[in-house]
Amino acid sequence: MKVGLLVRIEAKPEFADEVAAMLSGAQELAEQEGGTVAWFAFRENATTFGVFDTFEDEQGREAHLAGRIAAALGEAAKSKLSAPPVIAPIDLLGAKVS
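The structure displayed is predicted, hence computed values, not measured ones.

About the criteria used
Residues numbered from 1 in each chain as written. Predicted model: local features only at pLDDT ≥ 70, side-chain atom pairs only at ≥ 80, totals over all residues. Heavy atoms only, no water. Helix = DSSP H or I, 4+ residues; strand = E, 2+ residues; numbered from the N terminus. Buried < 20%, exposed > 50% of the residue type's maximum accessible area, 1.4 Å probe, protein only. Polar contact = N/O pair within 3.5 Å; in protein donor to acceptor, adjacent residues only side chain to side chain. Contact = heavy atoms within 4.5 Å. Pairing = 2+ DSSP bridges. Phe/Tyr/Trp six-rings, centres within 6.5 Å; stacked < 30°, edge-to-face > 60°.

A. Up close: the side chain of Thr-48. By the secondary structure assignment, Thr-48 is in strand E3 (residues 48-55). The exposure class of Thr-48 is buried, given its relative accessible area of 5%. For Thr-48, the side chain forms a polar contact with the side chain of Glu-10, separated by 2.5 Å. If we ignore the near neighbours within four places in the chain, the residues touching Thr-48 are Arg-8, Ile-9, Glu-10 and Arg-43.

Below is the structure:
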């Protein structure tokens, strides 16, 4: 794993449960992506969520950004999020996987 994405998602309070369900359901889509090595969705508090995922290379990261999860997040941003998702590309410096 050499590169990743860290995504911060802020839901409107009335849509927080729907955003949580959407992220939980996205795991199945992530499992179908050959270039995605690891994928985590998390909830930080009542309305703040995030996704952290890793890829072997830039092609895997770009394929993920052009995929179904990113499209669903973009669609949710139109009505269910209080702000557009903040998507930060990252370079991995180290990892421990059991």
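B. Local environment of the pairing of strand E4 (residues 86-91). Taken across its 6 residues, E4 has 0 buried, putting it largely on the surface. Across 6 bridges, the pairing between strand E1 (residues 3-10) and E4 is antiparallel. If you follow Leu-5 over to E4, its bridge partner there is Pro-89.

C. Just the side chain of Thr-47, in detail. Among the structural elements, Thr-47 can be located in the loop between strand E2 (36-43) and E3. A distance of 2.5 Å separates the side chain of Thr-47 from the side chain of Glu-10, its partner in a polar contact. Not counting residues within four places of it along the chain, the set of residues in contact with Thr-47 comprises Ile-9, Glu-10, Ala-11, Pro-13 and Ala-16.

D. Up close: the pairing of E2. The pairing of E2 with E3 spans 7 bridges and is antiparallel. Bridging across to E3, Phe-40 finds its partner in Phe-52. Connecting E2 to the next strand, E3, in antiparallel fashion are 4 residues.

E. Expanded view of the packing of aromatic side chains. Summed over the entire model, instances satisfying the criterion amount to 1 aromatic pair. Summarising the aromatic geometry, the rings of Phe-40 and Phe-52 are spaced 6.2 Å apart at their centres and angled 20 degrees between planes, so their arrangement reads as stacked. Of the two residues, Phe-40 sits in strand E2 while Phe-52 sits in strand E3, which places them 12 residues apart along the sequence. Assessed through its relative accessible area of 47%, Phe-40 is described here as partly exposed.

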